[in-house]
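# Descriptive structure summary
Given next are the chains, with one letter for each unit.
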Amino acid sequence: MNYEPQTYAFPDEAMKPFISEDEIWDAIENTSSDTESVRMIIKKSLSKKRLSLKETAILVNATDPELIEEIKQGARQLKENVYGNRIVLFAPLYVGNLCTNNCEYCGFRTSNKDQKRTTLKHDELIEEVKMLEDAGQKRLILVYGEHPKYNPEFIADSVRTVYKVKKGNGEIRRVNINAAPMDIEGFRTVKEAGIGTYQVFQETYHREAYSRYHTSGMKRNYDYRLTALDRAQEAGIDDVGIGALFGLYDWRFEALALVRHVNHFEAVYNVGPHTISFPRIKKASNVELDEQYLVSDEDFTKLVAILRLAVPYTGLILTAREPAHIREEVLKYGVSQIDGGTKIEMKAYSENNEEQDLNSEQFEINDDRSLNEVMDELIDTGYIPSFCTACYRVGRTGEHFMEFSVPGFIKRYCTPNALLTLAEYLEDYAPEKTRINGYKLIEDSLKDYEDERFKTKLVDRLEKVKVGERDLYF
Ligand code: SF4
């Protein structure tokens, strides 16, 4: 199907493109990073104020190893202050890999004839979800290629199907979406199905680079994609996820563009995006990677720390694209959500293949540990694994504001809810060693509660989980 790019008329001011390449390059090229300004900016961020483009550029331009270490320590401190020690867990589920686009970096691109095309049938979708529930998952992100078959009704239907699957104590309590941009009506349709976050990644915010990688298909339209989540907001979806694919263009430019995208949402909708993703480009079926803009591990860990400091209250997501050692490191600097037990081939959870098949997945993953192995690592390193979905389900929208703006929100809601979902996992899915270490972590966490009355309520609910009650939260 040949797609003629329409001239996209922007309904109103709010939806006019908001990325100025000159402004971003001016910030990068005309700011220097001396010790005093870097320390002042870290201090500002630790007072939980979001950074400006120029302030972010000063951190990006820092090259002195000691200053970079200070940036990382600042991010670490801010993460502890805002997010405590909980890490939210989810799993991706690929529903279909048909696609009409031809993104040069993607294994699903339409011109890749070696890709095995699959769309999960109704019962196959149910089977995948049962496998995920059996592993202990409670939060999923459904992923779709960009194809007319995956229209709003199809996506809404698959979301409803996922929520209906219950196996033992297993259930999926939050379904996020990563799919094509839609019009406002389309977003309303998927909203009505009860989705959590809608993610659309701009891939690269640099127009020329964007047109180089997106040569055909619906995705050629930079502006239609850039304003997708504005239409989502207009449709009432206030949990949106932005992202860039690092390795397509200069990482410094993309980092500032992400900050500008956050600014835009706050200015127009008074709420930042729910999450930011910053995947690095990875091996994919029949893809020749252009190495010019590949991001080194050193710059990548710095990037995560800078994003943490720049947007204190936007969730940072890191997926299994990255190997375990990188994930372990950047967890310290601000990542608040990770996937665990990830498989991204089509029908992967029920087929459970040992080896990855690039011709059945979008890109190669580099962390294929089971959910329980990821849980063990988190518990052993003092993080509370969380499957919490409370805010979304009790309508505490814009929760990052609350979390950030209402002192004690973490202690009052996020940490106890994390402990309750951890206890559920320990009772229903954990092997003995994980169970013992997990309950030790819960005991240690309870010691932090001076408020005896609240602690009693929390302990009471933990006891109820032990005797079989489920889905208890604050
Ligand atoms: S990145 Fe997305 S839109 Fe592009 S080819 Fe891959 S699946 Fe299709």
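Heads up: these notes are all about the structure in this document. Since this is a predicted model, take the numbers as computed values, not measurements. (Residues numbered from 1 in each chain as written. Predicted model: local features only at pLDDT ≥ 70, side-chain atom pairs only at ≥ 80, totals over all residues. Heavy atoms only, no water.)

With respect to the helices, strands and loops of the structure, His-214 is situated in the loop between α8 (207–213) and α9 (222–226). Among the polar contacts listed, one links the side chain of His-214 to the side chain of Tyr-105, at a separation of 2.7 Å. Not counting residues within four places of it along the chain, the set of residues in contact with His-214 comprises Cys-103, Tyr-105, Glu-203, Lys-219 and Arg-220. (Helix = DSSP H or I, 4+ residues; strand = E, 2+ residues; numbered from the N terminus. Polar contact = N/O pair within 3.5 Å; in protein donor to acceptor, adjacent residues only side chain to side chain. Contact = heavy atoms within 4.5 Å.)

Take the packing of helix α11 (residues 251–269) against helix α12 (residues 297–310) next. When two helices pack together, you describe them by how their axes are tilted relative to each other and by the distance separating the axes. Interhelical geometry of α11 versus α12 gives an angle of 20 degrees and a closest axis separation of 11 Å. In terms of axis orientation, α11 runs roughly parallel to α12. Where α11 crosses over α12, the handedness of that crossing is right-handed. The residues of α12 that touch α11, namely those facing Trp-251, Ala-255 and Val-259, are Asp-299, Lys-302, Leu-303, Leu-307 and Ala-310. For the contact of α11 with α12, a count of residues per class yields six nonpolar, no polar and two charged. (Axes fitted to C-alpha atoms, helices over the stretch in contact; angles between N-to-C directions. Parallel < 35°, antiparallel > 145°, perpendicular 65-115°, else oblique. Left-handed = near helix turned anticlockwise from the far one by under 90°. Nonpolar A, V, L, I, M, F, W, Y, C, P; charged D, E, K, R; others polar.)

A separate point is the site of the ligand. Near the ligand the following residues occur: Cys-99, Asn-101, Cys-103, Tyr-105, Cys-106, Phe-108, Arg-109, Glu-146, Lys-219 and Gln-362. Counting atoms within 2 Å of the grid points, the majority share of the ligand lands in the largest cavity. Its residues assigned to classes, the shell around the ligand comprises five nonpolar, two polar and three charged. (Near = heavy atom within 4 Å. 1 Å grid on protein atoms, 1.4 Å probe; cavity = no way out; pocket = protein on both sides within 12 Å on 5 of 7 lines; lining within 4 Å. Sits in = over half its atoms within 2 Å of the grid points.)

Our focus in this paragraph is a negative patch on the surface. Residues Glu-354, Glu-355, Asp-368 and Glu-373 make up a contiguous surface patch of negative charge. Position of Glu-355 relative to the elements: it lies in the loop between α14 (348–351) and α15 (371–380). (Patch = residues over 30% accessible without salt bridge, like charges linked within 9 Å, V, L, I, M, F, W, Y side chains within 5 Å. Areas by Shrake-Rupley, 256 points an atom, 1.4 Å probe, with all protein chains shown as cover. Salt bridge = Lys/Arg side-chain N within 4 Å of Asp/Glu carboxyl O. Lys, Arg positive; Asp, Glu negative; His and termini not counted. Charge placed at Lys NZ, Arg CZ, Asp CG, Glu CD.)

In this section: the pairing of strand β9 (residues 315–318). Burial along β9 is two-sided: the residues Gly-315 and Ile-317 and Leu-316 and Leu-318 are all buried. Looking at chain direction, strand β8 (residues 275–277) and β9 are connected through three bridges and run parallel. Looking at β9, one finds that Ser-277 is bridged to Ile-317. Considered for its hand, the β-α-β crossover made up of β8, α12 and β9 is right-handed. Here β9 runs beside strand β10 (residues 337–339); their pairing, made up of two bridges, is parallel. (Buried < 20%, exposed > 50% of the residue type's maximum accessible area, 1.4 Å probe, protein only. Pairing = 2+ DSSP bridges. Right-handed = clockwise from strand over helix to strand, strands pointing away.)

This is a description of form; function is not addressed.
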